[in-house]
Amino acid sequence: AYTALYRVKDKKFLRLADESLREVSVGPRHRFALGRDTRPYEYMSYLDGKLFTDVYVIDTKTGEKKKAATKLPSLFGGGALVLPSPAGTHFLYYHDGHYHVFDAAAGTATNVTEKVGT
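Residues numbered from 1 in each chain as written. Predicted model: local features only at pLDDT ≥ 70, side-chain atom pairs only at ≥ 80, totals over all residues. Heavy atoms only, no water.

Peer 1: I keep staring at the packing of aromatic side chains and nothing clicks. Help me out?
Peer 2: Pairs of aromatic rings are described using the distance from one ring centre to the other and the angle between the two planes. Enumeration over the complete set of coordinates arrives at two aromatic pairs. Look at Tyr41 and Phe52: their rings are 6.1 Å apart centre to centre, the planes differ by 70°, and that puts the pair in the edge-to-face class. Taken as a pair, Tyr41 in the loop between strand 4 (32-37) and helix 1 (42-48) and Phe52 in strand 5 (residues 52-59) lie far apart in primary sequence, eleven residues in all. Given a relative accessible area of 13%, Tyr41 falls into the buried group. In this structure, Arg31 is placed above the aromatic ring of Phe32, and the distance from its NZ or CZ to the ring centre is 4.4 Å. Lying over the aromatic face of Phe52, Lys71 brings its terminal NZ or CZ to 5.0 Å of the ring centre. (Phe/Tyr/Trp six-rings, centres within 6.5 Å; stacked < 30°, edge-to-face > 60°. Helix = DSSP H or I, 4+ residues; strand = E, 2+ residues; numbered from the N terminus. Buried < 20%, exposed > 50% of the residue type's maximum accessible area, 1.4 Å probe, protein only. Lys NZ or Arg CZ within 6 Å of the ring centre and 35° of its normal.)

Structure follows, in structure tokens:
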């Protein structure tokens, strides 16, 4: 089973997850979805116990997928920490000691803690 949605107004069925991106969750207000892909890192995770994931943002109107972050560390065995904004248009994630905000519409990430003095 793969995550999908039906756009009633457009009478359009849109499959969000597929064989290459199995883990997908729809964000608030259903504008964007987040997909996680651990496949590139699974083999090494069996050897060293560290699991990483690539995160994709999926446009729920078109189905277009954009890679938002590469090789995010999984926390506590539960996957990478990626949190959507209340509007569902931005996503916060932690990588390399800093927090980043990814603007899903623009497809850009901003490091929001690099200039913090602590």
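Having seen the model, we can carry on.
Peer 1: Honestly, the pairing of strand 5 in this entry has me stumped. Any pointers?
Peer 2: Moving residue by residue along a regular strand, the side chains alternate between the two faces of the sheet. In terms of burial, strand 5 is largely enclosed, as seven of its eight residues are buried. The pairing of strand 4 with strand 5 spans six bridges and is antiparallel. Opposite Ala33, over in strand 5, you have Ile58 as the bridge partner. For strand 5 and strand 6 (residues 65-73), the ladder comprises six bridges, and the chain directions are antiparallel. Among the inter-strand pairings, Thr53 is bridged to a residue of strand 6, identified as Leu72. The loop that links strand 5 with its antiparallel partner strand 6 comprises five residues; one of these, Gly63, has a positive phi angle of about 85°. (Pairing = 2+ DSSP bridges.)

Peer 1: I would appreciate a short explanation of the nonpolar core in the present structure.
Peer 2: One finds Leu34, Val55, Val57, Leu72, Val82, Phe91 and Tyr93 to be the most contacted residues of the largest nonpolar core, which totals 13 residues. Of all the elements in the fold, those that place two or more residues in this core are strand 4, strand 5, strand 6 and strand 8 (90-95). Counting residues per element, this core draws most heavily on strand 6, at three residues. Among residues more than four places away in sequence, those in contact with Leu34 are Glu23, Val24, Ser25, Val55, Tyr56, Val57, Val82 and Phe91. Listed in part, the nine residues of the second largest apolar core include Leu21, Val24, Ala33 and Tyr56. (Core = buried A, V, L, I, M, F, W, Y, C linked by side-chain atoms within 4.5 Å. Contact = heavy atoms within 4.5 Å.)

Peer 1: Where do I start with the sheet that holds strand 8 in this structure?
Peer 2: Two modes of strand pairing occur in sheets, parallel and antiparallel, and in both the strands are linked by backbone hydrogen bonds. What the four strands build is an open sheet, ordered 7-8-9-10; its pairing is antiparallel. This sheet does not close on itself; its edge strands, each paired only once, are strand 7 (82-84) and strand 10 (108-111). For this sheet, the mean inter-axis angle between neighbouring strands, taken without regard to orientation, is 25°. Relative to strand 10, strand 9 (residues 98-103) runs antiparallel, the two being bridged by four bridges. (Axes fitted to C-alpha atoms, helices over the stretch in contact; angles between N-to-C directions.)

Peer 1: Any chance you could explain a nonpolar patch on the surface here in plain terms?
Peer 2: Taken together, the side chains of Leu75, Leu81, Leu83, Tyr94, Tyr99 and Val112 make up a nonpolar region of the molecular surface, amounting to roughly 460 Å² of accessible area. Residue position: Val112 is located in the segment after strand 10. (Patch = residues over 30% accessible without salt bridge, like charges linked within 9 Å, V, L, I, M, F, W, Y side chains within 5 Å. Areas by Shrake-Rupley, 256 points an atom, 1.4 Å probe, with all protein chains shown as cover. Salt bridge = Lys/Arg side-chain N within 4 Å of Asp/Glu carboxyl O.)

Peer 1: How do you make sense of the pattern of salt bridges when you look at a structure like this?
Peer 2: Side-chain pairs of opposite charge can arise where the charged atoms are in close proximity. Summed over all chains, the structure comprises six salt bridges. A salt bridge links Asp59 to Arg31, with the nearest nitrogen and oxygen atoms 2.6 Å apart. Taken together, the residues span a long stretch of sequence, with Asp59 in strand 5 and Arg31 in the loop between strand 3 (23-26) and strand 4 at a distance of 28 residues.

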